[in-house]
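A look at the structure
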Amino acid sequence: MSGIDAFGIALQRGDGAATEVFTAIGAVTSVKGPEIERETYDVTAHDSANGWREFIGGLKDAGEVTISINYDPSVHDVLVADFEDTAPRNYKMVFPQALGEWALKLILTGFSQEAPVDDKLSAELKFKVSGKPAITPGV
């Protein structure tokens with residue numbers, strides 16, 4: 001199978017209303033994550049077959065989502081306000097070409113902006129995923 005063009009992915013932020021409306025975060029240049037991983041627990045015993053270690057799966061963690069944006073304070077500072085919230089907010093990561101979406105509960109944990117003299121105003125936002133992502137496969 002050949003690669004899939006990532007152009008057009010959208011991270012959408014929920015408004016928190018009873019009938020939630022999601023709005024795409026504008027000017028996103030890169031999306032990284034979530035980084036799903038699982039702990040393992042060593043259950044090796046003296047009678048483990050042939051002296052091989054044995055493991056079972058433990059707790060799961062959906063990790064973090066990091067986005068890079070062409071930062072516009074008039075558009076993006078509403079996201080900085082989310083930093084004050086302790087409760088997760090609903091987001092959706094919508095893949096291009098109807099490839100599906102991930103519904104995520106995110107907590108903004110970091111915001112870093114950069115304003116170089118010879119380049120664009122940009123920012124990076126880091127979110128911690130809370131709970132299990134809901135994955136809807138595409139067509």
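In this text, all values refer to a predicted model and were calculated from it rather than measured experimentally. (Residues numbered from 1 in each chain as written. Predicted model: local features only at pLDDT ≥ 70, side-chain atom pairs only at ≥ 80, totals over all residues. Heavy atoms only, no water.)

Per the stated rule, a full pass over the model turns up seven salt bridges. Here D61 ties to K128 by a salt bridge, and the two come within 2.8 Å at their closest N and O atoms. Highlighted residues: D61 in strand β5 (residues 55–61) and K128 in strand β9 (residues 122–129), separated in sequence by 67 residues. Residue classification places D61 among the partly exposed residues on the basis of a relative accessible area of 31%. The class for K128 is partly exposed, based on a relative accessible area of 27%. E101 is the salt-bridge partner of K92, the closest N and O atoms lying 3.7 Å from each other. Take K92: its relative accessible area is 22%, and that puts it in the partly exposed class. Taken together, the salt bridges that share partners define one network made up of R13, D82, D85 and R89. (Salt bridge = Lys/Arg side-chain N within 4 Å of Asp/Glu carboxyl O. Helix = DSSP H or I, 4+ residues; strand = E, 2+ residues; numbered from the N terminus. Buried < 20%, exposed > 50% of the residue type's maximum accessible area, 1.4 Å probe, protein only.)

Counting all residues, the mean pLDDT for the protein is 94, and 99% of those residues have values of 70 or more. The secondary structure element of the protein with the lowest average pLDDT is helix α1 (residues 73–81), at 88, and the one with the highest is β5, at 98. (pLDDT = per-residue confidence, 0-100.)

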